[in-house]
Structure formats: structure tokens, C-alpha cells
Amino acid sequence: MSEDTKPFIPADRIIPEFTLFSTALGVVLALIFGAANAYLGLRIGQTVSASIPAAVISMGVIRVIFRKDSILENNMAQTIGSAGESIAGSAIFVLPVLFLWSKEWETGAPSYLMITGISLAGGILGVFFMIPLRRALITRESEELIFPEGTACAEVLKVGERGGEKAKLTFAGVGVGAVYEFISEGLMLFPPEISSSIRGLKGSGIGMDASPALLGVGFIIGPRIAFLMLAGASLGWYCIMPLIYFFGSQSAGAIFPGVVPVAQMTHDDIWANYLRYIGAGAVTFGGLYSLVLSFPLIFNSFVDSIRSLRASRKGGTVARTDRDISFLSLLLGIAAVLVFLVVFPYVPIGPFEALLVVLFGFFFSTVSARIVGIVGSSNSPVSGMTIATLLITSLAYKIMGKTDHGSMLSVMSIGAVICTIATISGDTSQDLKTGYILGATPRSQQLGELIGVIFSAAAVGGILKLLDSTWGFGGREIPAIQATLMKMVTEGVMIGNLPWILVISGAAVGLSLAILGLPVLPIAIGLYLPIYLSIPVAIG
């Protein structure tokens, strides 16, 4: 570390960290945030990072109520707690499709063991895949990848530890945000999102999600990345969408994947039915491009992990702040999870599907970690990565002539595991960034993340089955927007009517950005997400 990035707790100082108390508190937070984020994601199609709220709550419980003063215990509690939000966030993107299909096919609803097995396997692999990437993404690129939630979480914990005026300002900010959210979401005194069409530019619109969290993300990531996102959103909403409306409105009938004529669509409809596919193609290309650029760092990271393993065997010492779960344990753990996926009878994944999980899983864990390092977990387009997985996997099954219901379940199970891997990798990277700043032990954080995954995976099956039995997915109360999109993508490929031209056009946009030397991912993310998110981030 440079002089400016020395950890808050030096490597040679040992204070309570991975304790029974911090673990128990983290598990409770994981279950609470998991249930809350599941409902939020199913209701509005967006989830938020729970790292900062978990840090604030753990700090209040540990420091104020129990009068304990270990900042690393606070960090461990929020590390475990944030895993619950991530497991739930990934589950609601894909797994409701299994409930929707069970009703259409008149089969039994997916079992609790199936949901738990998928979430557990994806969560554990997400943590494992991130371990060899830690040195490359968190340590070596600490200046380029700021990990906004991770950095903010560390600052919250540091000011809480120091106390004084900074602590008062931090809690004042938390209080203002809480009051605002209560007035907006609780009392419904004004809408949390405002939008309007633009007269004279049909097919476009403007608005913003009036969320303090998005303003905070913009403040943390800085103007460059924030305005790159806004540039992507502007390209989509003020160039591509008006063109879609101009040409599409000439047709009296609906143009797939839309179900009504373009002339009858709002700007939100055009984004959901057309621009989102273009954005998904751009994000997919950006992910591939990012992975190619990252190969040297990834390779060096693996080499460092092997060297650390050899050093430990020879009696060498590794600084406390640089100790990971051993490379041998990592390989054995990955192998054990893959065997579990193949032999566990409740998850329709065989050896071929397990191979796809490894290939897509490591790729998207790398992509996810880099994306959240740029724009944060709340704005990470995990659904875009899942769409890319479903597109490729569905196409492979289509080529092999497997288009029956069982094959569609296998494809969706792969997508669910990959979605969980990407989400947990992003969350783990944020937590490791917090630990990097604070001087936590990476190995302890990685074990804590695994504990959070295990307990959250055990709970998410019950949460989804409860929500389905209470309201039913796809209805007005919980429309399950993301899952409905995943269902349409998979069915579209296997039936043969997916709008590939939109996806390929998005990839071409990404290629053009790369040729111009522009950062592909931030612009592609802005193209994929609704402009309502990019505007408040830019304002922040």
C-alpha cells in the first residue's frame, strides 16, 4: 500500500474481528435485508446495496447498545449482513420464472430445496471466484476502481470509530435520508420517481428517481463516471428511442418484442421493449472487452495466490491484511460445489451445465466486480449479464435440438446460478474494498461472506414461496419485472423469435466506443439502465 492508502488498523495490530457476536449480528442483518430486498426487487424491478445500512445498524448495535469499540467487528457484521441482500437480489431476478412456468405448465411449484440449492451453489461460487481476483481488483487497481459503496461504508465505520463532528455529520446524513424516504415511500406525500415525455421529440422522456442513495452514489463515483453513464443514457433516450418511435410508428401493427403498436407506446414502453435489449448487447460486449483487458491482472493474481500458498507451506509469513482462503481450499471448494450441482436431484444441472457454470461464472464474477468498482452495486446491470447467459445457453440448447420443458428449466437454473455468482462477487468485492481500507483480514471476511450466503440461501426459498402464495408472481402487487424479461428471453430463443438485431446492434455500439478509446462499460451501463437512474447519479 502507498502512504495514502495505509489501512485504518495496521496489519501488525490484532483487535476483535471474526467473533461470535459479530457473526450472529451479521446473520440477523442478512435475513432482514434479504427479505426486504426480495420484496423491493419484485415490486419495482430494482434492488439496492445493503452494505451501508448494515454498517450503520451494526455500528449502532455494537457501539451504542453493547458499548464495544472494535471497528473490525462492525465491518464483519456488515459483510455477513450484505450477503442476504445479494442472495435475495439475485434470486428475484430469475427464480420467479420457475413459479410462472409451473402455473403455465400445470406442474408443481419449484421446491424449497431447488431454490435453496441454486442460491447456495451460486453464492458460494461467487465468493470463491472473487478470492483470486482480490489482489488484482482491490489492491493493484485501488486508485482506478473506487468501489463507491465499499468506500462509503469504510468512511461510515471510520467516522463512527473516531466520533466527533464527522460522526455527527454522518448520522445527520443518515437521518435526513431516512426522513426523506419515510415521507416519500411511507407517507406517499410525493412520488419517488418523476418523469415526463418531451414535446417535439416523440419516443423520448426525462425524469429521475428522487432517491438520496443515487445522489450519494454520484457524489462518491465522481463526475467523470457519472457523466459517462449519463452520456450512454442520452444516446439511448434522445437518439435511439426517438428513431425507434419515428420509424416504428409508421407500422399499424405491433413490432416484436412489443405487443402493441409503437405509436401507442410511452417512452417507458420503448425502453422496456427495445432499448433494453440494445443496452444488454452493449453491456455484454463491454464485459467481454473488460475481461480481455484484465487477463494480465487476473493471471498475475492467480500466480500471487499460488505463491502465497507455497509461502505458507514453507513457513513463510503473509501480512494479516493480505491473507486469503488458501488456493488449495479454493480449488477443492469449487470442485465440491460443482459435484453438488451435478448430483443434487432437485437442481436440473448435469456435467455439461456445470461446465457452463464454471465458464460463465468466472467470467461474470470478474465483470461484476469491475462494474461495481466503477458504479457501485446498486447500479450494476446483473440482469444484463444474466440475459447474456440465457441468450448463449438457450442458443446452445436450441442448436442441440433441446427445446422441451426440462431443457428450459436447465437453462433457467444455469441463469439463476450465474446471476447469483455475479451478484455475490460484486458484493464480496465491495466488502473486501471496505476491509482493504479499514485493515480487515481478507480471509475472515471471505469466511463471513460464506456464512451470510449459507443462512440467506436457507431463507430465500421460504421467502419466495411465501410471496408467491400471498400475491402470486406476475400480478399487480409483485409484477416480477426482471423475471418476466428472463422468461421472455429464454422462450424467445427456443421458439426462435428473439430480436437478435437489437442485441447485436448494442454490441456494435460497444465496439464503436472501444474503437474510439472511450470507456465502454460506464456508457453501456447508462445505455442499459433507465435514464431515471443516471440523472440523479450525475446530479450527485
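This structure is a prediction, so every number in the text was calculated from the model and none was measured. (Residues numbered from 1 in each chain as written. Predicted model: local features only at pLDDT ≥ 70, side-chain atom pairs only at ≥ 80, totals over all residues. Heavy atoms only, no water.)

Trainee: Can you help me understand helix α13 (residues 351-375) in this one?
Mentor: Note that an α-helix has 3.6 residues per turn; residues three or four places apart therefore point the same way. With 25 residues, α13 extends 35 Å from end C-alpha to end C-alpha; this agrees with the ideal 36 Å at 1.5 Å per step. The buried count for α13 comes to 19 of 25 residues, which makes it a mostly enclosed element. In the segment just after α13, Gly-376 is the residue with positive phi, at about 95°. (Helix = DSSP H or I, 4+ residues; strand = E, 2+ residues; numbered from the N terminus. Expected span 1.5 Å × (residues − 1). Buried < 20%, exposed > 50% of the residue type's maximum accessible area, 1.4 Å probe, protein only.)

Trainee: Explanation requested: helix α15 (residues 405-438) in the structure shown.
Mentor: End to end, α15 covers 49 Å across 34 residues, agreeing with the expected 50 Å (1.5 Å per residue, within 8%). Two or three places before Gly-406, at the start of α15, stands the capping residue Asp-404, its side-chain oxygen 3.0 Å from that residue's backbone nitrogen. Looking at the residues trailing α15, positive phi occurs at Gly-439, about 90°. (Polar contact = N/O pair within 3.5 Å; in protein donor to acceptor, adjacent residues only side chain to side chain.)

Trainee: It is not clear to me how the environment of Pro-257 should be interpreted in this structure. Could you clarify?
Mentor: Of note, Pro-257 is situated in the loop between α10 (223-248) and α11 (267-313). Each C-alpha atom, one on Pro-257 and one on Tyr-274, is 7.4 Å from the other, the two residues being 17 residues apart in sequence. Filtering out sequence-adjacent residues up to four positions away, Pro-257 remains in contact with Asn-273, Tyr-274, Tyr-277, Met-488, Pro-499 and Leu-502. (Contact = heavy atoms within 4.5 Å.)

Trainee: In this structure, what is going on with the nonpolar core? I would like to understand it.
Mentor: Side chains of nonpolar character tend, in soluble globular proteins, to be buried together. Membership of the largest hydrophobic core comes to 147 residues, with the highest contact counts inside it found for Phe-364 and Leu-464. Looking at which element gives the most residues to this core, the answer is α15, with 15 residues. If sequence neighbours within four positions are ignored, Phe-364 has contacts with Met-385, Ala-388, Thr-389, Ile-418 and Ala-422. In terms of nonpolar packing, the next biggest core, distinct from the first, is built from seven residues, Leu-25, Phe-33, Ala-54 and Ala-77 among them. (Core = buried A, V, L, I, M, F, W, Y, C linked by side-chain atoms within 4.5 Å.)

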